[in-house]
Amino acid sequence: MESHNGEADDLPPPPPLNAGDEPVKAEETNKPSKPKRSLIQRKGFGKKGQPIRLVTNHFKVSLKNTEEFFYHYYVNLKYEDNTPVDRKGAGRSVIEKLQQTYATELANKDFAYDGEKSLFTIGALPQVNNEFTVVVEDVSTGKTPANGSPGNDSPPGSDRKRARRPYNTKTYKVELSFAAKIPMSAIAHALRGQESEHTQEAIRVIDIILRQHSAKQGCLLVRQSFFHNNPSNFVDLGGGVMGCRGFHSSFRATQSGLSLNIDVSTTMIVKPGPVVDFLITNQKVDHPQKIDWAKAKRSLKNLRIKISPSNAENKIVGLSDRPCRETMFTLKRRNGDNGDSEEISVYDHFVRNRGIELRYSGDLPCINVGKPKRPSYFPIELCNLVSLQRYTKALSTLQRSSLVEKSRQKPQERMSVLSDVLQRSNYDSEPMLMACGISIAKSFTEVDGRVLQAPKLKAGNGEDIFTRNGRWNFNNKRLIRASSVEKWAVVNFSARCNIRDLVRDLIKCGGMKGIKVEDPFDAFEENPSMRRAPAVRRVEDMFEQVKTKLPGAPKFLLCVLAERKNSDVYGPWKKKCLSEFGIVTQCVAPTRVNDQYLTNVLLKINAKLGGLNSMLQVESSPAMPLVSKVPTMILGMDVSHGSPGQSDVPSIAAVVSSREWPLISKYRASVRSQSPKMEMIDSLFKPRGTDDDEGLIKECLIDFYTSSGKRKPEQIIIFRDGVSESQFNQVLNIELDQIIEACKFLDEAWEPRFTLIVAQKNHHTKFFIPGDPNNVPPGTVVDNKICHPRNYDFYMCSHAGMIGTTRPTHYHILHDEIGFTPDDLQELVHSLSYVYQRSTTAISVVAPICYAHLAAAQVGQFIKFEEMSETSSSQGGHTSAGSVPVQELPRLHEKVKSSMFFC
């Protein structure tokens, strides 16, 4: 019997109010329960800015039959012998056959089936207990005769017209048990801003109807996206991986009604075709003999293949241990009554008995598609990978950049592709949608945006910086607070680089920007014999040199690396400098050294050494609404997870906090590791005994206090990145509680006011200017029409989209005790996109969140987690949160822990 937990995942999501209930630790449950906070309602609309007419990729949906009910049935699939069906993907064919076979008993109802455990109908099924036996022609398994020998079931030559054999059927038992009744009116209520517990469920049902519509057309479904098997949508990324372009679609409740959000989306698939070709490109070898078969076994497991000449489809279970010529099995003779049998190799059987010519398989392992105990072997050259199979391992840097580059689309192109898919998908013909009275408009929704004025910036010598289209520069200007680079040295890890020229240019460029760069103590070249040594050894050797030759610890080290991305020296070097010695460091991998390059490097160095490159005019005069009046701290919080292919790399939580109030341009960061794939930050408040707190927040509060003239923050504005709507309640009730507890721990009587804002980047809403090929201008904000009917949210494009289509950031205000007006809040968010010290551009999300990403990424490289990047995300990636002790990250040295080391 399968455990009950597995089943709970497939039921509809819990009603929104209780979504935050689960991660309460056991010991907390006996406390008296506090009243829960709920999301605040919208406080009105922004007015500032220049109006702009836009369209968005939301398509209006009209609902006619809101009186109807969806009935939710729980699907239990069993084989004839009552064992549960374990094979993924078996469900759809069984349910389809059920519908055909028992149409009258099921009152000719259409089903919306999610492919797993949930099935929905409009109105109830006639019987209460619905148990059926369904016989499905099992084409997919291409069953071989019972003795587990390779398909010797037909004489050679007759494969083409091979008749379906009776043993190619499979019998299933299907049990449909009533689970819930969901009123369609819940959707109508949500549109009026009255969400009920059924809203999410009702919208989920119509999402499932759309997914099913795509599944029937043979699409690959990935969450809310679908991908057609059309080679013109595939791009080769190298290594046997292809990018596949498809579409995301989801229903959303908005102020102007229900809308269908459609966007272009991309996934990775395994390159279809001969298995050997895939292995050769995947392992980057030039001959089948060079294939590493242990690696091959891991990368092929569970992939589906078609086996010629019968074209039967099977799943790869493994490989034979011996080559095809030496892999033996027992072949039973059909005609002999006395059941005589012979031992024969797979190779001889195919070549002699079946008359199939094998050119290269003899010396390579066979593919096993049987059961582990009863293998069924086929020569590898008869096996072809089926199209549209997801590739779930981590991509290399090259593959990733190739994917990004090839999936970019300019706004105009994206609009025409989306219009086209909506025409082609033909949703109007879907019987379930017709029965709900749902029709989908064919035109983009129009919305009113506003373009906010760019905030004014200050450079050194009291000069103003003029921004144009979200960009500016420091030509003929000085930095507002320039640090000096003294007591420093250069180290070179075998990069081909003229160090003398680099230093000379850096000193000259620094002088023009107001940074006094002294001559370095020395430039250390790596000992050539170390070049091939492991990275950690190389770093230690370099530090030995530095220690012996320098009079004292340097204040700054410039580190020259040979490769720009993925240098294996980078992590160990940063750890050595920042964690062990507390030395500020900047890595460079110069290819073209020009003035622009040097300026960018100096912006980073200046910020790391405690300087500031530019600041907002409203910061220098302090005149920010609400923020400049009383001590205010700004937090940026984020959790970054290992890439999807790594199921067991710890997640990394980072909290970035502002310092030196009334500034909002200076930040510091604290970073911790936590259980893999856990989205909630578990180390905000970590009391040890009665007098110590090892959490992230305490560090932020104490640093703010010491850097802001011994003032405690009376207001704390939190920007939280990367949580989905289903987790808002947890952020609002669990994380915010921990932050408050950390404050109380330092001073019981202290009650700061909080504003909590979630920023989302991975959503699918895009904006377009009708009849204009360009992206929306920086500073564009939208808070009407397609925003939430009740909750307080807005979209902002603060940056200039140079390539592809701008992705707006979706900000949700969950809580606001400070009492901002909508305009103040939008201006604050806009301003915080202009304080990012690493570039002279407005960025797409507030700087504290960007810094949290950077800090997590950098500290995450300090230790090489024992990663098994070969394991794919679909295999056992889910350990329950907190069940495994996680490798801890090294802490930063006192000297640098309050610096902008992440810049």
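As recorded in an unreviewed UniProt entry, the chain goes by Argonaute 4 and comes from Urochloa decumbens. Per UniProt, the chain has the following entry under Sequence similarities (unreviewed entry): "Belongs to the argonaute family. Ago subfamily."

What the chain contains, in helices and strands, is 19 helices and 41 strands. The buried share of the chain, taken over its 903 residues, is 54%. Within the chain, contacts between residues separated by at least 24 positions form 74% of all contacts whose residues are at least 6 apart in sequence. Of the roughly 40,900 Å² that the chain leaves accessible, carbon and sulfur atoms contribute 50%.

To continue, consider the environment of Gln-715. Considering the arrangement of structural elements, one finds Gln-715 in strand 36 (residues 715-721). Gln-715 sits in the buried class, given a relative accessible area of 3%. Residues Gln-715 and Phe-754 lie 39 residues apart in sequence; the distance between their C-alpha atoms is 5.9 Å. If near-sequence neighbours (up to four positions away) are discounted, Gln-715 is found in contact with Leu-626, Val-627, Val-630, Pro-631, Thr-632, Met-633, Arg-753 and Ile-818.

Quick look at the packing of aromatic side chains now. Applying the stated criterion across every chain yields a total of 20 aromatic pairs. Plain terms: the ring middles of Tyr-71 and Phe-178 are 5.9 Å apart, the flat faces sit at 50 degrees to each other, and that makes the pair tilted. With Tyr-71 in strand 2 (residues 69-79) and Phe-178 in strand 6 (residues 169-183), the pair connects residues that are 107 residues apart, well separated along the chain. Given the relative accessible area of 46%, Phe-178 is considered partly exposed. Through successive ring pairs, a cluster of aromatic residues spans Tyr-667, Tyr-836, Tyr-851, Phe-901 and Phe-902. For Lys-181, the ring lying beneath its charged end belongs to Phe-69, and the centroid distance is 4.5 Å.

Moving on, we come to the nonpolar core. One recurring pattern in soluble globular proteins: nonpolar side chains tend to sit buried together. Membership of the largest hydrophobic core comes to 83 residues, with the highest contact counts inside it found for Trp-488, Ile-717, Phe-719, Tyr-811, Leu-832, Tyr-851 and Phe-902. Broken down by element, this core gets its largest block of residues, nine residues, from helix 19 (residues 847-860). What Tyr-811 contacts, discounting residues up to four positions off in sequence, is Ile-757, Val-758, Ala-759, Tyr-792, Asp-793, Phe-794, Met-796, Val-829, Ser-844, Val-845 and Val-846. In this structure, Ile-187, Ala-202, Ile-206 and Ile-208 belong to the second largest nonpolar core, which totals 43 residues.

Another point: the sheet that holds strand 12 (residues 273-274). Spatially, four strands are ordered 12-20-13-14 in an open sheet, and the strand pairing comes out antiparallel. The open sheet is flanked by strand 12 and strand 14 (312-315), the only strands paired with a single partner.

Within the secondary structure, Val-776 is located in the loop between strand 38 (767-768) and strand 39 (780-782). Since its relative accessible area comes to 2%, Val-776 is described here as buried. Along the sequence, Val-776 and Ile-52 sit 724 residues apart, while their C-alpha atoms lie 9.2 Å from each other. With sequence-adjacent residues up to four places away left out, Val-776 is seen in contact with Leu-54, Phe-767, Phe-768, Ile-769 and Cys-797.

Turning our eyes to something else, we now look at unusual backbone geometry. The bulk of non-glycine residues show a negative phi, and the bulk of peptide bonds are trans. Cis geometry is found at the peptide bond from Ser-308 to Pro-309, where omega equals 0 degrees. Position of Pro-309 among the secondary structure elements: in the loop between strand 13 (304-307) and strand 14. Following Trp-661, the chain continues into Pro-662 via a peptide bond in cis, with omega recorded as 10 degrees. Along the chain, Pro-662 falls in the loop between strand 32 (651-658) and strand 33 (667-674). Not every positive phi belongs to a glycine, and Lys-677 is a case in point at roughly 65 degrees.

Strands sit in the order 3-4-2-6-5 across an open sheet of five strands; the sheet is antiparallel. Only two strands of the sheet have a single neighbouring strand rather than two, namely strand 3 (112-113) and strand 5 (130-137). Sheet topology note: the strand 2/strand 6 ladder contains 11 bridges and is antiparallel. Each residue of the ladder has a partner; that of Val-75, found in strand 6, is Leu-176. Strands in contact with helix 2 (residues 91-101) are strand 2, strand 3, strand 4 (118-122), strand 5 and strand 6; relative to strand 5, the strand with the most contacts, it is inclined by about 110 degrees.

Burial analysis of strand 36 places seven of its seven residues in the buried class, which makes it a mostly covered element. Burial along strand 36 is two-sided: the residues Gln-715, Ile-717, Phe-719 and Asp-721 and Ile-716, Ile-718 and Arg-720 are all buried. Here strand 31 (residues 632-640) pairs with strand 36 via six bridges, running parallel. Paired with Gly-636 across the two strands is Phe-719, which belongs to strand 36. Of the strand pairs in this sheet, strand 36 and strand 37 (residues 753-760) are connected by seven bridges, and their pairing is parallel. Paired with Phe-719 across the strands is Ile-757, a residue of strand 37. For the crossover from strand 36 across helix 17 (residues 728-746) to strand 37, the handedness is right-handed.

What follows covers the pattern of salt bridges. Scanning all chains against the criterion turns up 44 salt bridges. In this structure, the salt-bridge partner of Arg-53 is Glu-446, at a minimum N-O distance of 2.8 Å. Here the residue Arg-53 occupies a position in strand 1 (residues 50-63), and Glu-446 occupies one in strand 21 (residues 438-451), the gap between them amounting to 393 residues. Among the residues examined, Arg-53 registers a relative accessible area of 53% and is labelled exposed. Here Arg-504 ties to Asp-501 by a salt bridge, and the two come within 3.5 Å at their closest N and O atoms. Separated by three residues within a single helix, Arg-504 and Asp-501 lie in helix 11 (residues 499-513), roughly one turn from each other. On the basis of relative accessibility, which here comes to 52%, the residue Arg-504 falls in the exposed class. Overlapping salt bridges, with partners in common, bring together Arg-481, Arg-659, Glu-660, Lys-666 and Asp-703 in one network.

Rules used in this analysis
Residues numbered from 1 in each chain as written. Predicted model: local features only at pLDDT ≥ 70, side-chain atom pairs only at ≥ 80, totals over all residues. Heavy atoms only, no water. UniProt positions renumbered as here; feature names shortened; annotations may be inferred. Helix = DSSP H or I, 4+ residues; strand = E, 2+ residues; numbered from the N terminus. Buried < 20%, exposed > 50% of the residue type's maximum accessible area, 1.4 Å probe, protein only. Contact = heavy atoms within 4.5 Å. Areas by Shrake-Rupley, 256 points an atom, 1.4 Å probe, with all protein chains shown as cover. Phe/Tyr/Trp six-rings, centres within 6.5 Å; stacked < 30°, edge-to-face > 60°. Lys NZ or Arg CZ within 6 Å of the ring centre and 35° of its normal. Core = buried A, V, L, I, M, F, W, Y, C linked by side-chain atoms within 4.5 Å. Pairing = 2+ DSSP bridges. Axes fitted to C-alpha atoms, helices over the stretch in contact; angles between N-to-C directions. Right-handed = clockwise from strand over helix to strand, strands pointing away. Salt bridge = Lys/Arg side-chain N within 4 Å of Asp/Glu carboxyl O.

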